[in-house]
Amino acid sequence: MWNQLPEVQAKVSEFISRHSAVEGRRVVLVTSGGTTVPLEANTVRFVDNFSAGTRGATSAEYFLDAGYAVIFLHRQYSLQPYSRHYSHSKNCFLDYMTTNGQSGEAKLPSPEQSPKVHVDPEYESAMIDVLLKYRKAKDQHLLLMLDYTTVQQYLLYLHQICKIMGTLLGRRGMFYLAAAVSDFFVPKARMVEHKIQSREGALTMVLEQVPKFLKPLVKDWAPSGYIVSFKLETDPALLVPKSQQSLDRYGHQLVIGNLLNTRKWTVTFVTRESHNNVTLTPAEQRDGVEIESVIIPELVKRHADWIGVEKR
Ligand code: PAZ
């Protein structure tokens, strides 16, 4: 973890320097996926946090569409922008291919026929859209991918990235914290070295509280940044009060509240002044509209206002 830090710092510094030099370019840090909490130093077992990475990966694409440069700090092997359209789904990526250029290949060619690989025409037009966007992001160096696994690694990288962004970008930096970060962990000093053995029966462990990182982020690491945190709840009655509590405690700009079972089609924007729901209509849900296509343009507007306040 520590030995990868210089490489992460170098990549982030290079990325931020490049984009801070472009007039008007805004940069967003998107965090995505769930952190793990290792129970052993040689980790066989760990506690995981719920998140497939859909929110983060989808949001990153809409930020890129809006002209942002994106640092995508994600859990290793969770969903990623662009490839998410073809991974983790019920299809294997090979289901998008044919050897004869026609959909629904009926006859398997023999290797002697030297078959070629083609994209199945059924998927071609959707794939071209995704491919062009992916290539643009790559060619123009607009997307920096960094991965983490443990909560310790996540916090270490988050700290470094925020400090660099805070220093070089000021108000042009946005922080979109969608990762599901563990609230509890096992400190190194109390972690056993080897695999915990089951012969002693039931396992009792005390987990310590993970330090609250939003406070230093808002106060010290990136005090001029536009900071959006997510709040996941399962009890609807807690969503708004807990989001407001978070704003009161940490003093950032916005909390986006969501419930586990409805998070794909409804979220709540909570500020110190107000809270309002953003919900996809049943028709939009049927048509496969992604709620991030509504969330991100709204954030882009709010971020522009935030930058505008400094200029006035
Ligand atoms: O990655 P996903 O789409 O499956 O889930 C997204 C989410 C629910 C983890 C995210 O929207 C979120 O609420 N993140 C913050 C979780 C928390 O309260 O720590």
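Definitions and cut-offs
Residues numbered from 1 in each chain as written. Predicted model: local features only at pLDDT ≥ 70, side-chain atom pairs only at ≥ 80, totals over all residues. Heavy atoms only, no water. Helix = DSSP H or I, 4+ residues; strand = E, 2+ residues; numbered from the N terminus. Rg over C-alpha atoms; globule rule 2.2 N^0.38 Å. Buried < 20%, exposed > 50% of the residue type's maximum accessible area, 1.4 Å probe, protein only. Contact = heavy atoms within 4.5 Å. Areas by Shrake-Rupley, 256 points an atom, 1.4 Å probe, with all protein chains shown as cover. Pairing = 2+ DSSP bridges. UniProt positions renumbered as here; feature names shortened; annotations may be inferred. Core = buried A, V, L, I, M, F, W, Y, C linked by side-chain atoms within 4.5 Å. Arc of directions from axis to C-beta. Near = heavy atom within 4 Å. Polar contact = N/O pair within 3.5 Å; in protein donor to acceptor, adjacent residues only side chain to side chain. Nonpolar A, V, L, I, M, F, W, Y, C, P; charged D, E, K, R; others polar. Axes fitted to C-alpha atoms, helices over the stretch in contact; angles between N-to-C directions.

On to the overall build of the protein, then. Helices and strands together make up the secondary structure of the protein, namely eight helices and 14 strands. Against the 2.2 N^0.38 benchmark of 20 Å for 312 residues, the protein shows a C-alpha radius of gyration of 22 Å, consistent with a compact globule. The principal-axis extents of the C-alpha atoms in the protein amount to approximately 65 × 65 × 45 Å. Residues classed as buried in the protein amount to 42% of the 312 residues present. Sequence-distant contacts, at least 24 apart, represent 71% of the contacts inside the protein between residues at least 6 apart. Surface accessibility of the protein: about 17100 Å² in total, with carbon and sulfur atoms responsible for 53%.

So, about the pairing of strand E4 (residues 69-75). A large share of E4 lies buried, amounting to seven of its seven residues. In this sheet, E4 lies alongside strand E1 (residues 27-32) in parallel orientation, the contact comprising six bridges. Bridge assignment links Leu-29 to a residue of E4, and that residue is Ile-71. The sheet contact formed by E4 and strand E7 (residues 143-148) spans six bridges and is parallel. Residue pairing for E7: Val-70 is matched across the bridge by Leu-143.

With that out of the way, let us pick up the UniProt feature "domain: DNA/pantothenate metabolism flavoprotein C-terminal" (unreviewed entry) in the protein. UniProt marks residues 26-81 and 172-281 with the feature "domain: DNA/pantothenate metabolism flavoprotein C-terminal" (unreviewed entry), using the numbering shown here. Helix makes up 21% of residues 172-281 and strand 30%, with an end-to-end C-alpha separation of 33 Å.

Looking at where Met-191 falls in the secondary structure, it is placed in the loop between strand E9 (184-185) and strand E10 (208-209). Separated by 153 residues in the primary sequence, Met-191 and Pro-38 have C-alpha atoms spaced 8.6 Å apart. Setting aside its immediate chain neighbours within four residues, Met-191 contacts Pro-38, Leu-39, Glu-40, Ala-41 and Val-186.

Ranked by size, the top nonpolar core spans 78 residues in total, and within it Phe-63, Ile-71, Tyr-176, Phe-213 and Leu-299 carry the most contacts. Element by element, the count of residues in this core is highest for helix H4 (residues 151-169), at 11 residues.

Taken as a whole, helix H5 (residues 214-221) has its buried residues at Leu-214, Leu-217, Val-218 and Trp-221. Down the axis of H5, the buried set is contained in an arc of 130°. They therefore lie on one face. Along H5, exposed side chains directed more than 90 degrees from the buried face belong to Lys-219 and Asp-220. Considering only its buried residues, H5 is in contact with H4, strand E8 (173-177), strand E11 (226-233) and helix H6 (236-250).

With respect to spatial proximity, 15 residues lie near the ligand, and among them Ser-51, Gly-53, Ala-178, Leu-232 and Asn-258 are the closest. Contact between the ligand and Ala-52: an oxygen atom at 3.1 Å from a main-chain N or O atom of the residue. Between Leu-232 and the ligand, the recorded distance is 2.9 Å, taken from a backbone N or O atom to an oxygen atom. Protein chains shield 91% of the accessible area of the ligand, which is 470 Å² for the free molecule. Examining the composition of the shell around the ligand, we find that three residues originate from one element, E11, more than from any other. Taken together, the residues of the shell around the ligand break down into eight nonpolar, four polar and three charged.

Moving on to the sheet that holds E11. Taken in spatial order, the eight strands make up an open sheet running E7-E4-E1-E8-E11-E12-E13-E14, and their pairing is mixed. Across the chains shown, the open sheet's two edge strands, defined by having one partner strand only, are E7 and strand E14 (275-279). Taken over all neighbouring pairs, the strand axes of this sheet differ in orientation by 20° on average, direction set aside. Across the sheet, helix H1 (residues 5-20) touches E1, E4 and E7, and the angle it forms with E7 is around 155°. Together, E1, E4, E7 and E8 form the strand contacts of H4, whose direction differs from that of E1 by roughly 170°.

Among the structural elements, Leu-168 can be located in helix H4. A sequence separation of 54 residues divides Leu-168 from Ala-222, and the C-alpha atoms of the two residues are 9.7 Å apart. Those residues in contact with Leu-168 that sit more than four places away from it in its chain are Ile-16, Ser-17 and Ser-20.

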